[in-house]
Amino acid sequence: LGNKNPKVAVLSGTESPIKSMPSSIEASEISRRAKNEISGGQVFGPLAFDNAVSLEAANIKEIKHPVAGNADIILVPNIETGNALFKMMVYFMSACAAGIVLGAKVPIILTSRADPAEARVASAALANIVAHMSKAD
């Protein structure tokens, strides 16, 4: 969406890789690989949600990385976590969510049957923006 250097937080339940929490090991591996395989962004994890979005929480835990507390994108460890986070924002914070699937020739609008009209319009608008941005590249 125009951010040439997004900060991507890879979520887990902890900010340290520990064997008893597989998502923390996976987040660490994603971060390690991203350093060599991805350009135009910063990927860092594992991070607990608070450390991804709150600079104060990241500072208290002495996490020193540009992504910590400043995430533009939150990569969740599984669909259950993503679904729960998404619905908490919609239902507890009155967020308007837009959903699209990327990777096809055109963006595919992804909405829930329970989504209000505003979310459907937001999804269509987001798909339009992404389609036009991909034409410009």
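Quick caveat: nothing in here was measured; it's all calculated off a predicted structure.

S.K.: Go over a nonpolar patch on the surface, please, and point to the residues and values.
M.R.: On the surface, M88, M89, Y91, F92 and M93 cluster together to form a nonpolar patch covering roughly 630 Å² of accessible area. Residue position: M93 is located in helix α4 (residues 79-93).

S.K.: Which residues make up the pattern of salt bridges, and what are the values?
M.R.: Using the criterion set out here, one finds four salt bridges in the structure. In this structure, E29 engages R32 in a salt bridge whose closest nitrogen and oxygen atoms are separated by 2.6 Å. On the criterion of helical spacing, the pair formed by E29 and R32 is a turn pair, its members being three residues apart in helix α1 (residues 22-37). As a salt-bridge pair, D50 and K61 come within 3.9 Å of each other at their nearest N and O atoms. Placement of D50 in helix α2 (residues 49-53) and of K61 in the loop between α3 (55-60) and β3 (73-75) is noted, with a sequence separation of eleven residues between them. By relative accessible area, which is 39% here, K61 ends up partly exposed.

S.K.: Talk me through the nonpolar core; I want residue IDs and the actual numbers.
M.R.: Listed in full, the eight residues of the largest apolar core are A9, L11, L47, A52, A58, I63, V67 and A68. If sequence neighbours within four positions are ignored, I63 has contacts with E15, F44, L47, N51, A58 and A68. Core analysis: the next-biggest nonpolar cluster, separate from the first, contains five residues, V8, V10, A27 and V43 among them.

S.K.: So what's going on with the sheet that holds strand β2 (residues 42-47)? Which residues, and what values?
M.R.: Across the sheet, which stays open at both edges, the three strands sit in the order β2-β1-β3 with parallel pairing between neighbours. Each edge of the sheet is formed by a strand with only one pairing partner; in this case those strands are β2 and β3. Strand-to-strand, the axes of this sheet are offset by a mean angle of 25°, without reference to chain direction. Note: strand β1 (residues 7-11) against β2, four bridges, orientation parallel. For L11, the partnering residue across the bridge sits in β2 and is L47. On top of the sheet, α1 reaches β1, β2 and β3; it is set at about 165° to β2, its chief contact.

S.K.: Help me get a handle on the pairing of β1, residues and values and all.
M.R.: Taken across its five residues, β1 has four buried, putting it largely inside the fold. With respect to chirality, the unit in which β1 leads through α1 into the neighbouring parallel β2 is right-handed. Pairing of β1 with β3 involves three bridges; the strand directions are parallel. In the strand pairing of β3, V8 is matched with I73.

S.K.: Tell me about the side chain of N51, residues and numbers included.
M.R.: Along the chain, N51 turns up in helix α2. In this structure the side chain of N51 is engaged in a polar contact, spanning 2.9 Å, whose partner is the side chain of E15. Here N51 is in contact with E15, A57, A58, K61, I63, A68 and G69, once residues within four sequence places are set aside.

Thresholds, definitions, all that
- Residues numbered from 1 in each chain as written.
- Predicted model: local features only at pLDDT ≥ 70, side-chain atom pairs only at ≥ 80, totals over all residues.
- Heavy atoms only, no water.
- Patch = residues over 30% accessible without salt bridge, like charges linked within 9 Å, V, L, I, M, F, W, Y side chains within 5 Å.
- Areas by Shrake-Rupley, 256 points an atom, 1.4 Å probe, with all protein chains shown as cover.
- Salt bridge = Lys/Arg side-chain N within 4 Å of Asp/Glu carboxyl O.
- Helix = DSSP H or I, 4+ residues; strand = E, 2+ residues; numbered from the N terminus.
- Buried < 20%, exposed > 50% of the residue type's maximum accessible area, 1.4 Å probe, protein only.
- Core = buried A, V, L, I, M, F, W, Y, C linked by side-chain atoms within 4.5 Å.
- Contact = heavy atoms within 4.5 Å.
- Pairing = 2+ DSSP bridges.
- Axes fitted to C-alpha atoms, helices over the stretch in contact; angles between N-to-C directions.
- Right-handed = clockwise from strand over helix to strand, strands pointing away.
- Polar contact = N/O pair within 3.5 Å; in protein donor to acceptor, adjacent residues only side chain to side chain.

Everything listed here is a matter of coordinates, which is why it stays silent on function.
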